[in-house]
Structure formats: C-alpha cells, structure tokens
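Spelled out, the chains give:
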Amino acid sequence: MTGRVFEIREFCLHDGPGIRTTVFLKGCPLRCRWCHNPEGQSFAQETLVHSGGRRTPCGADWEPDALARELLTNADIMASSGGGVTFSGGEPLAQADFVLAVVGELRSRAEGRIGVALETSGFADEATYRRVVAQMDFVYQDIKLLTAEGFALWCGCDAAAADVVFRNIAWLKTSGVMHAFRVPQIPEVNTDDVTRKGIADIIGESSAEYLPYNPAAGAKYPLLGRVYELCTDYKSLILRTGRP
C-alpha cells in the first residue's frame, strides 16, 4: 500500500494540541473556490512552475512504515508537548486505508507517546468517516456552508454533499472523540447573519474556530497553470466570471 503526500510540515502549533507534524495528503473530492492548497486537490503528481522557470515536484508516494518513521523524527519533542501527528490535505479521508495504516505504525512505533489528529471536510461516506475518526485522538471538522445549493455552487460538488457532511457531523458530536469545528469566513459566501447563526446552531456546545479569509489564497494557482476563481477587495468577493 502507498499513499500520496504533497507536504510534511514540522513544528506546527495550530493543527491540534501541542507541537505537531502535519502531513498533507494529496487528493480531494471538493473544489472549494477559496481553497489555499490547490496543489492538494488533484490525486495526480503535479509540478509547480515558479517565476524564473524553477520547477518543484508536488506529490510523493510513501509506504506506511516509511512515512511513520519520517513523521516520528521529532517524536520526543512532540510527546513532551502533548502533541503528535495531524493528517490534513487535500482530504485525508480520500486516502482512508493509507491513513489508518500509518496510524497503526505510529501507535506501534511511538508506544502511545504521541497523539493523532485529523483535519477533514467531512465529505466521505459514513462508514469511512466513522472508521477513521474512531481511531483519532482529536478531529478538526470543517463547516463551510449550510445548503445543498451552497455546496454545489461554492465547493464544486454534487448537491447531496451537504447531507453527507451533516450526517457525519451529527455522528461526530455523539462519538466521544475530542473535536473542534473550523469555519472559514468567506465574505458574501457564509458570513451573513442567517448562515452564521445556522452554523453556530450546528456547532452547539462544541469548540469552534472562525478562520478569517486568507487574501493570499490564490497565490499558488498560477504555479499550477490555473486561475483563482475568486477576487476580493475586502468589501466584496465575486466570481471572476460574474456574480452567481
């Protein structure tokens, strides 16, 4: 078994408790228009072409045991801070079997000294979602939008995605797995009062982080030969092809 990774980032402080190493897995079923990791969307290996012609390969294949060894390079530091390894993306649930294989290797090699965490959109079939989340010590669960129409327009997916995500969220809240919700704040997309209240109602008593829109989100798209579909002047945010 192999999995495809586009970045391994050490000494992360915002991807779960303590000091963490975050592994970014390639491939995502969504195409959120504000995505700031476009190199994580495709499952294919890609090349980032920088100004001046410098080229950076994007997407390396790993076997679970080799990746676990790499992720545990700073195991003592992570353990002493109550930290561990976080799986992000892309969408890590799109490589669920690989993630679980790496988790097994981490637990065996680190003898329980470090934790494992997941950052997910929640867009995966219920069986896959529950199977992976149940093995995690902590989960960051996104809430982006409320409606099927919103998911279809802004996340580039079938309208049924909303039902899938919210069924998984409902299970997460009763699962006993430690979790927090993350809400990307996208101007004129999900920042109106009705949407904010609806999201807050879903979150309920769970912890939540409201993340400001990243104005530099589009910087990587030209490196992939792509056009960032959103533009913002901090007062409005519209599709380059016109308002939806």
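Residues numbered from 1 in each chain as written. Predicted model: local features only at pLDDT ≥ 70, side-chain atom pairs only at ≥ 80, totals over all residues. Heavy atoms only, no water.

Asker: A description of the overall build of the chain should follow, citing residues and the corresponding values.
Answerer: Check the secondary structure of the chain and you find seven helices and 12 strands. The C-alpha radius of gyration of the chain comes to 18 Å, within 12% of the 18 Å expected for a compact globule of 244 residues. Judged by the C-alpha coordinates and their principal axes, the chain covers about 55 × 50 × 30 Å. Every one of the 244 residues in the chain was classed for burial, and the buried ones make up 47%. Sequence-distant contacts, at least 24 apart, represent 67% of the contacts inside the chain between residues at least 6 apart. Charge separation in the chain, taken as the distance between the mean sites of 25 positive and 30 negative side-chain charges, equals 4 Å. (Helix = DSSP H or I, 4+ residues; strand = E, 2+ residues; numbered from the N terminus. Rg over C-alpha atoms; globule rule 2.2 N^0.38 Å. Buried < 20%, exposed > 50% of the residue type's maximum accessible area, 1.4 Å probe, protein only. Contact = heavy atoms within 4.5 Å. Lys, Arg positive; Asp, Glu negative; His and termini not counted. Charge placed at Lys NZ, Arg CZ, Asp CG, Glu CD.)

Asker: Describe unusual backbone geometry, with residues and values.
Answerer: A cis amide bond, omega 20°, links Gly 89 with the succeeding residue Gly 90. By the secondary structure assignment, Gly 90 is in the loop between strand E6 (84-89) and helix H3 (96-110). One non-glycine residue, Phe 11, lies in positive phi territory at about 55°. Relative to the assigned elements, Phe 11 resides in strand E1 (residues 3-12).

Asker: How would you summarise the packing of aromatic side chains if you had to cite specific residues and measurements?
Answerer: Enumeration over the complete set of coordinates arrives at five aromatic pairs. Between Tyr 129 and Trp 171 the ring centres are 6.1 Å apart and the planes differ by 80°, which places this aromatic pair in the edge-to-face class. Note that Tyr 129 is positioned in helix H4 (residues 126-133) and Trp 171 in helix H6 (residues 161-175), a separation of 42 residues in sequence. The two residues Tyr 129 and Trp 171 agree in class, both being buried. Across the ring face of Tyr 140, the terminal group of Arg 182 is positioned such that the distance to the ring centre comes to 3.6 Å. (Phe/Tyr/Trp six-rings, centres within 6.5 Å; stacked < 30°, edge-to-face > 60°. Lys NZ or Arg CZ within 6 Å of the ring centre and 35° of its normal.)

Asker: Explain the environment of Ser 80 to me, and be specific about the residues and the numbers.
Answerer: Following the sequence through the fold, Ser 80 ends up in helix H2 (residues 75-80). When the C-alpha positions of Ser 80 and Ser 206 are compared, they lie 27 Å apart, and in sequence the two are 126 residues distant.

Asker: Summarise the nonpolar core; cite the residues concerned and give the values.
Answerer: When a protein is soluble and globular, its nonpolar side chains tend to lie buried together. In terms of nonpolar packing, the biggest core is built from 58 residues, with Trp 34, Phe 87, Leu 106 and Met 136 touching the most fellow members. Ranked by residues supplied to this core, first place goes to H3 with eight residues. Trp 34 has contacts with Lys 144, Leu 145, Trp 154, Cys 155, Pro 184, Ile 186, Val 189, Tyr 213, Ala 217, Tyr 228 and Leu 230, leaving out every residue within four places of it along the chain. (Core = buried A, V, L, I, M, F, W, Y, C linked by side-chain atoms within 4.5 Å.)

Asker: Tell me about H3, and name the residues and values.
Answerer: Look at H3: 21 Å from first C-alpha to last across 15 residues, which is about the 21 Å you get at 1.5 Å a residue. Within the sequence span of H3, burial applies to Ala 96, Phe 98, Val 99, Leu 100, Val 102, Val 103, Leu 106 and Ala 110. Of the residues flanking the end of H3, it is Glu 111, one or two places downstream, whose phi is positive at about 55°. (Expected span 1.5 Å × (residues − 1).)

Asker: Outline H6, listing residues and values.
Answerer: With 15 residues, H6 extends 21 Å from end C-alpha to end C-alpha; this agrees with the ideal 21 Å at 1.5 Å per step. Looking one or two residues past H6, Gly 176 carries a phi angle of roughly 85°, positive in sign.

Asker: Give a description of the layout of surface pockets that names residues and reports values.
Answerer: For the largest pocket, the calculated volume is near 850 Å³. Among the secondary structure elements, those contributing two or more residues to the lining of the largest pocket are E1, E6, strand E7 (115-120), strand E9 (179-185) and strand E10 (207-212). Ranked by the residues each element gives to the lining of the largest pocket, the list is headed by E9, at three residues. In terms of residue class, the lining of the largest pocket is built from 14 nonpolar, 12 polar and eight charged. (1 Å grid on protein atoms, 1.4 Å probe; cavity = no way out; pocket = protein on both sides within 12 Å on 5 of 7 lines; lining within 4 Å. Points joined across faces, edges and corners; volume = space filled by probe spheres on them. Nonpolar A, V, L, I, M, F, W, Y, C, P; charged D, E, K, R; others polar.)

Honestly, that's just the spatial picture; any functional story needs more than this.
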